[in-house]
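Below are the chains, spelled out letter by letter.
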Amino acid sequence: MERRDFLKLSATASIFGSLAWDAVAETVTKKSSTPDLVAVRNGSIKSMFEAGLKEIGGLPVKGKKVLVKPNIGWNKKPELAANTNPELVALIVEAVLKAGAKEVVVFDHTCQQARACYKNSGIKEAVEKAGGKIIDGNDKRNYIEKTNKKAVTLKSAKFHKYVYECDYFINVPVLKNHGGATLTCAMKNLMGIVLDRRYFHRNGLHQCIADSVLYRKPDLNIVDAYRVMFRNGPAGRSVKDVQKMKFQLFSKDIVAVDVVAAKLLKLDMKKIEHIPKAVALGLGNDDLKKVKIKKISLKA
Amino acid sequence: MANKFKALRIALSFVVMVLIIGAFGFYNVFLKNSSDETLNSLHKLFLSITRMQFTVTLASLHSGMIYGLFGTLLILVLTLLFGRVYCAVMCPMGIFQDFVAFVRTKVLRRKKTVEAVQSSKLKFVRIVLFILYSAFLVTGLTVSVSLLDPYAIFGRFLNVLNPNYYNYYATGQVEYDASGAGVNIQSFDTSKLYAITVITVVVMLLITIASLISRRFFCHNICPVGTILGFFAKKPIFGLYIDSEKCRQCGKCTINCAGDNCLDIEHKKLDNSTCVMCMNCLDLCSFNAIKINSFKQQTKENQRVTDIGEKYHDLSRRQFLSALSCGIVAGTTSSLLAKNNDKKRVEQLVEKDIMPVMPPGSMNLEEFKSKCIGCHKCVRACPSNVLQVSTFNYGGFSNMFLPYLDFDAGMCNDFCFECIKACPTGALKILREEQRKLWKIGKVEYMQNICVVETNREACGACGEHCPTGAIQMEDFGDGLTIPVVDDTYCIGCGSCQNICPVLPMKAILVTGVAEQKLIKAKPESEIEKVVHEEEFPF
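Definitions and limits used
Residues numbered from 1 in each chain as written. Chains lettered and ligands numbered in written order. Predicted model: local features only at pLDDT ≥ 70, side-chain atom pairs only at ≥ 80, totals over all residues. Heavy atoms only, no water. Helix = DSSP H or I, 4+ residues; strand = E, 2+ residues; numbered from the N terminus. Contact = heavy atoms within 4.5 Å. Areas by Shrake-Rupley, 256 points an atom, 1.4 Å probe, with all protein chains shown as cover. Buried < 20%, exposed > 50% of the residue type's maximum accessible area, 1.4 Å probe, protein only. Axes fitted to C-alpha atoms, helices over the stretch in contact; angles between N-to-C directions. Parallel < 35°, antiparallel > 145°, perpendicular 65-115°, else oblique. Left-handed = near helix turned anticlockwise from the far one by under 90°. 1 Å grid on protein atoms, 1.4 Å probe; cavity = no way out; pocket = protein on both sides within 12 Å on 5 of 7 lines; lining within 4 Å. Points joined across faces, edges and corners; volume = space filled by probe spheres on them. Nonpolar A, V, L, I, M, F, W, Y, C, P; charged D, E, K, R; others polar. Phe/Tyr/Trp six-rings, centres within 6.5 Å; stacked < 30°, edge-to-face > 60°. Buried area = accessible area lost by both parts, 1.4 Å probe. Salt bridge = Lys/Arg side-chain N within 4 Å of Asp/Glu carboxyl O. Polar contact = N/O pair within 3.5 Å; in protein donor to acceptor, adjacent residues only side chain to side chain. Core = buried A, V, L, I, M, F, W, Y, C linked by side-chain atoms within 4.5 Å. Pairing = 2+ DSSP bridges.

Chemist: I tried to follow the overall build of chain A on my own but got confused; where do I start?
Modeler: In terms of helices and strands, chain A carries 11 helices and 12 strands. Long-range contacts, defined here as pairs at least 24 residues apart, represent 75% of the contacts in chain A between residues at least 6 apart. A total accessible area of about 12,500 Å² is found for chain A, and carbon and sulfur atoms account for 53% of it.

Right, here's the structure in full:
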């Protein structure tokens with residue numbers, strides 16, 4: 001064995017070794033304390049968020065660039081629950097800054113006129129007040145082409161460039177019923193970082209939703225199920241479509257969180273095809289027996 | 001004496017030009033980052049400057065707007081008092097031509113223009129154009145006004161200059177996709193847009209070239225507004241005149257004259273109906289022979305120029321009045337004759353499902369075309385890019401330039417009032433917020449045989465997602481799929497469904513125009529069946 005080969009080998013070995021050690025360390029800590037999924041209910045948005053964040057293990061974002069991606073798809077007021085609750089988004093932005101993040105950026109590729117959506121959802125104001133930065137999700141020039149060989153249908157797509165610039169990605173969907181996809185929650189929320197959504201609808205919505213998660217898996221998912229739209233989703237027509245469930249879900253497993261969300265809406269699991277499709281791609285766990293869930297009920 | 005009047009003219013025209021350009025470039029620059037208050041005040045400012053355009057005030061008379069009457073009278077009174085000051089400072093096309101002349105003299109260093117272009121043939125053309133224009137006073141011969149009105153031509157030109165618009169026309173891409181859904185390039189037909197762009201650019205190019213040859217060629221030979229104001233400016237109460245005692249007939253004053261031929265050195269006369277009040281001659285005269293003075297004093301000292309008659313460029317009173325009455329008679333008869341034709345044509349278009357959707361508040365085609373002058377400020381204002389320029393979409397040459405909604409380009413959201421707010425003539429009726437949400441502008445047709453849910457057996461629901469009224473309901477289709485079930489009774493024709501429909505090349509759901517826009521009833525909401533869980537954590 002020559003010296004060069006020896007060096008190469010030892011370098012590779014050390015890299016693999018350290019990786020393996022990390023993995024072991026991760027599983028150890030997981031087993032010891034942190035649950036896979038935290039479900040909090042019956043509190044105010046603030047108290048639920050604080051309790052849930054503590055249980056999931058806080059935000060390891062010191063010195064990082066953080067992307068918070070809520071749902072700001074529709075020009076609707078917060079009471080109509082078509083968008084993520086602005087209060088929750090503000091709390092997340094504050095928490096991220098408190099944890100020492102370098103910057104917090106919030107955006108969504110809206111379904112209706114961006115200016116109206118950002119304003120009437122209350123999210124723009126809330127984010128700016130909390131010290132975050134809200135950026136444009138509708139400018140085509142901000143999107144970059146990405147490819148992924150693992151994907152089944154969505155082999156390539158244009159993604160917002162900040163998704164790739166950030167170091168930590170927090171996905172903050174709002175739980176809603178959906179006329180086409182049955183459920184819109186964590187995975188469906190990622191359609192807001194993609195430019196061409198018609199491609200999804202044209203080429204098999206569920207498969208594309210699952211594929212899109214491959215491109216950039218969120219580091220943390222926080223589901224807003226305080227007010228839940230249980231029919232006429234995802235846009236909703238009036239407050240009659242909304243009920244207060246007072247739930248928040250926290251998880252690093254994007255599939256598990258969608259399964260729990262579907263159970264909250266009492267949906268038929270067979271209809272939500274993107275869940276098994278995401279499992280097939282190895283994106284998460286849909287068997288709740290294998291997921292360590294921490295349930296917290298706060299007293300109102 | 002320093003020429004205060006000239007300085008005032010230049011200052012005023014500069015302000016007006018900035019405001020007009022602002023009115024058309026408004027949305028690109030300010031929409032993204034300004035607060036609502038700034039936007040609203042800018043809106044009012046830009047609206048008021050466009051409302052002061054002469055043709056706009058005339059068109060506003062059709063919509064029964066009080067400022068229409070007020071504006072028309074104000075401009076006419078101003079003209080009676082001071083001559084064609086409107087042409088000097090209010091008309092964007094006039095200012096543009098002055099700018100061309102400025103470039104020619106200062107940059108190209110060509111001082112003298114050619115001898116004023118005038119002939120009896122040109123005068124004939126001008127009379128015919130004026131007849132066509134005055135037909136609009138009674139009825140909607142929209143195309144003639146759109147083609148002739150200086151403000152409308154200039155507005156369209158500003159639209160074409162807009163980089164966003166240019167990109168869009170050239171490539172079907174928009175720089176800023178405000179609607180979120182964006183333009184569906186594959187199904188969006190840009191060819192008709194090329195036609196309008198070409199017409200606009202060619203017209204503007206011709207005007208520019210003409211202006212290089214003879215400074216205000218357009219104003220004196222084409223512009224119907226110039227013809228009207230020229231008639232009223234024959235004897236302004238305070239106007240320019242030449243003091244025949246002081247004048248030495250040196251001809252220096254004609255060097256930079258915007259009117260080109262308003263100064264008659266031979267007879268020592270100034271033709272006020274041709275003079276566009278550029279005031280350039282005032283300080284050029286070495287003998288102080290050109291003055292602003294009251295009409296009374298002028299008559300004392302001078303014979304009126306009009307007495308010299310035919311030599312002059314402007315229409316005589318007889319010519320003007322007969323042309324005007326010709327136009328009014330032609331307008332009335334043609335509107336009476338065309339009324340049934342138009343109705344039949346609209347009926348046919350609606351029946352064939354190819355009637356274009358008119359912007360909200362335009363009521364029906366007849367009313368719309370009688371008020372719209374085709375400046376396309378609304379097209380620029382539309383944040384969703386759904387408002388587009390028609391060529392022959394409405395059928396017939398006479399409806400060219402009317403805006404319509406192209407749902408392959410965008411969606412007309414029920415909360416958006418930008419086009420209504422932008423319209424200076426009142427062609428788009430002001431709707432209240434709750435009216436707008438139930439204002440039916442189109443009808444919907446769904447073709448299940450090409451819908452992806454049917455053809456691919458895949459979930460979609462994009463149309464149902466966007467429907468604001470519940471006219472599209474997603475219902476069970478087996479295999480966990482849902483399929484749209486469409487009820488036109490509750491459709492307001494916003495076109496969101498057509499815009500977002502992923503099917504190519506033809507959409508599976510199409511929205512087309514209705515003959516008459518109207519208020520519909522809201523869809524009743526079904527009983528509430530909330531989700532109830534027995535356990536505290538149902539998982």
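Chemist: How should the overall build of chain B be read in this particular structure?
Modeler: Looking only at helices and strands, chain B has 22 helices and 10 strands in total. For chain B, the proportion of its 539 residues judged to be buried stands at 59%. Here the analysis covers contacts within chain B between residues at least 6 apart in sequence; of these, 77% occur between residues at least 24 apart. With an accessible surface of roughly 22,900 Å², chain B has 62% of that area assigned to carbon and sulfur atoms.

Chemist: I tried to follow the packing of helix α3 (residues 86–98) of chain A against helix α5 (residues 123–130) of chain A on my own but got confused; where do I start?
Modeler: Geometry of a packed helix pair, given as the angle between the helix axes and the separation of the axes. Residue and element names in this part refer to chain A. Look at α3 against α5: their axes get within 8 Å of each other, and the N-to-C directions meet at 25 degrees. Looking at the two axes, α3 sits roughly parallel to α5. Note that α3 runs across α5; the crossing there is right-handed. Each of Pro86, Val89, Ala90, Val93, Glu94 and Leu97 in α3 lies in contact with α5, whose residues at this interface are Ile123, Ala126, Val127 and Ala130.

Chemist: Please clarify how empty space enclosed by the protein should be interpreted in this entry.
Modeler: Empty space among the atoms becomes visible once a probe the size of a water molecule is rolled across them. Here the structure, examined in full by the defined rule, presents 15 cavities of 30 Å³ or more. Estimated volume of the largest cavity: approximately 240 Å³. As for the largest cavity, its lining consists of 21 residues, of which Cys111, Lys188, Met191 and Arg197 of chain A together with Glu465 of chain B are closest to the centre. With three residues, helix α21 (residues 462–466) of chain B is the single largest residue contributor to the lining of the largest cavity. When grouped by side-chain class, the residues that make up the lining of the largest cavity number six nonpolar, nine polar and six charged. Approximately 120 Å³ is the volume attributed to the second largest cavity. Lining the second largest cavity are 16 residues; nearest its centre among them are Cys372, Cys375, Cys378, Cys423 and Ala427 of chain B. Residue composition of the lining of the second largest cavity, by class: 11 nonpolar, three polar and two charged.

Chemist: So what exactly am I meant to see when it comes to the packing of aromatic side chains here?
Modeler: How two aromatic rings sit relative to each other is set out by the distance from centre to centre and by the angle between their planes. Residues and elements named next belong to chain B. Evaluation of the coordinates by the stated rule reveals 16 aromatic pairs over all chains. Judged by centre distance (3.9 Å) and plane angle (10 degrees), the ring pair of Phe231 and Phe320 falls under stacked. Taken together, the residues span a long stretch of sequence, with Phe231 in helix α13 (residues 224–232) and Phe320 in helix α15 (residues 317–351) at a distance of 89 residues. Overall, Phe231 belongs to the buried group, its relative accessible area being 17%.

Chemist: Would you explain the interface of chain B and chain A in this entry?
Modeler: Contact with chain B, which involves 63 residues of that partner, is made by 55 residues of chain A. Summed over both partners, the interface of chain B with chain A comes to about 4,800 Å²; 48% of that surface belongs to carbon and sulfur atoms. For the interface between chain B and chain A, the tally reads four salt bridges. Residues Arg115 of chain A and Asp36 of chain B are paired through a salt bridge, measuring 2.7 Å at the closest nitrogen-oxygen approach. The interface formed by chain B and chain A holds 17 residue pairs in polar contact (both at pLDDT 80 or more) in total. If you list the elements that add at least two residues to the side of chain B that touches chain A, you get α2 (36–51), α21, β8 (472–476) and α22 (496–500) of chain B. Its residues assigned to classes, the side of chain B that touches chain A shows 27 nonpolar, 20 polar and 16 charged.

Chemist: Please explain helix α3 (residues 54–62) of chain B as it appears in this structure.
Modeler: For an α-helix, 3.6 residues make a turn, and residues three or four places apart therefore share a direction. All names here are of chain B. Counting buried residues in α3 gives seven out of nine residues, a clear majority hidden from the surface. Listed in full, the buried residues belonging to α3 are Phe54, Thr55, Val56, Thr57, Leu58, Ala59 and Ser60. Following α3 by one or two positions, Gly64 has its phi on the positive side, about 65 degrees.

Chemist: Teacher, can you tell me more about the environment of Met245 of chain A here?
Modeler: Residue and element names in this part refer to chain A. Structurally, the position occupied by Met245 is in strand β11 (residues 242–251). On the basis of relative accessible area, Met245 is assigned to the buried category, the value being 6%. In this structure, the C-alpha to C-alpha distance between Met245 and Arg227, residues 18 residues apart in sequence, is 5.8 Å.

Chemist: Can you walk me through the nonpolar core in this structure?
Modeler: Soluble globular proteins tend to bury their nonpolar side chains together. Among the nonpolar cores identified, the biggest contains 100 residues, and Ile170 and Leu175 of chain A are the most heavily contacted of them. When residues of this core are assigned to their parent elements, the largest contribution, nine residues, is made by helix α10 (residues 254–264) of chain A. Leave out the neighbours within four places in its chain, and Ile170 of chain A touches Leu59, Val66, Leu67, Val68, Lys69, Ile92, Val96, Leu220 and Ile222 of chain A. Residues Val16, Phe24, Cys247 and Ile373 of chain B belong to the second largest nonpolar core, which totals 71 residues.

Chemist: I keep staring at the packing of helix α7 (residues 120–135) of chain B against α15 of chain B and nothing clicks. Help me out?
Modeler: Residues and elements named next belong to chain B. Closest axis-to-axis distance for the α7/α15 pair is 7 Å, and the angle between their directions is 40 degrees. With respect to α15, the element α7 is oriented oblique. When you trace α7 past α15, the crossing you get is right-handed. Contacts between α7 and α15 involve Lys123, Ile127, Phe130, Ile131, Ser134 and Ala135 on the former and, on the latter, Gln319, Phe320, Ala323, Leu324, Cys326, Gly327, Ile328 and Gly331.

Chemist: How should the pairing of strand β7 (residues 439–446) of chain B be read in this particular structure?
Modeler: Looking along a regular strand, one sees the side chains alternate between the two faces of the sheet. Residue and element names in this part refer to chain B. Across the eight residues that make up β7, a large majority, seven, are buried. Pairing geometry for β7 and strand β10 (residues 509–519), over seven bridges, is antiparallel. By the bridge assignment, Val444 is partnered in β10 with Val511.

Chemist: For this particular structure, what's the right way to read the layout of surface pockets?
Modeler: As a volume, the second largest pocket reaches approximately 750 Å³. Residue lining of the second largest pocket: 33 residues in total, with Asn177, Arg231 and Asn232 of chain A together with Gln473 and Met474 of chain B positioned closest to the centre. Sorting the residues of the lining of the second largest pocket by element identifies β8 (174–178) of chain A together with α21 and β8 of chain B as the ones contributing at least two each. The leading source of residues in the lining of the second largest pocket is β8 of chain B, at four residues. Taken together, the residues that form the lining of the second largest pocket break down as seven nonpolar, 14 polar and 12 charged.

Chemist: Would you mind going over the pattern of salt bridges with me for this structure?
Modeler: Pairs may arise between side chains of opposite charge once their charged atoms sit close together. Tallying each qualifying case throughout the model produces 20 salt bridges over all chains. Glu125 of chain A is the salt-bridge partner of Lys129 of chain A, the closest N and O atoms lying 3.9 Å from each other. Placement of both Lys129 of chain A and Glu125 of chain A in helix α5 is noted, with a separation of four residues, approximately one turn of the helix. You can call Lys129 of chain A exposed: its relative accessible area is 70%. A relative accessible area of 54% places Glu125 of chain A in the exposed class. Salt-bridge contacts for Arg457 of chain B lead to Asp479 of chain B; the nearest nitrogen and oxygen are separated by 3.1 Å. Of the two residues, Arg457 of chain B sits in the loop between α20 (452–455) and α21 while Asp479 of chain B sits in the loop between β8 and β9 (482–486), which places them 22 residues apart along the sequence. For Arg457 of chain B, a relative accessible area of 39% corresponds to the partly exposed category. Each of Arg9, Asp98, Arg215 and Arg216 of chain B takes part in salt bridges that share partners, so that together they form one network.

Any link to function would need more than the numbers given here.
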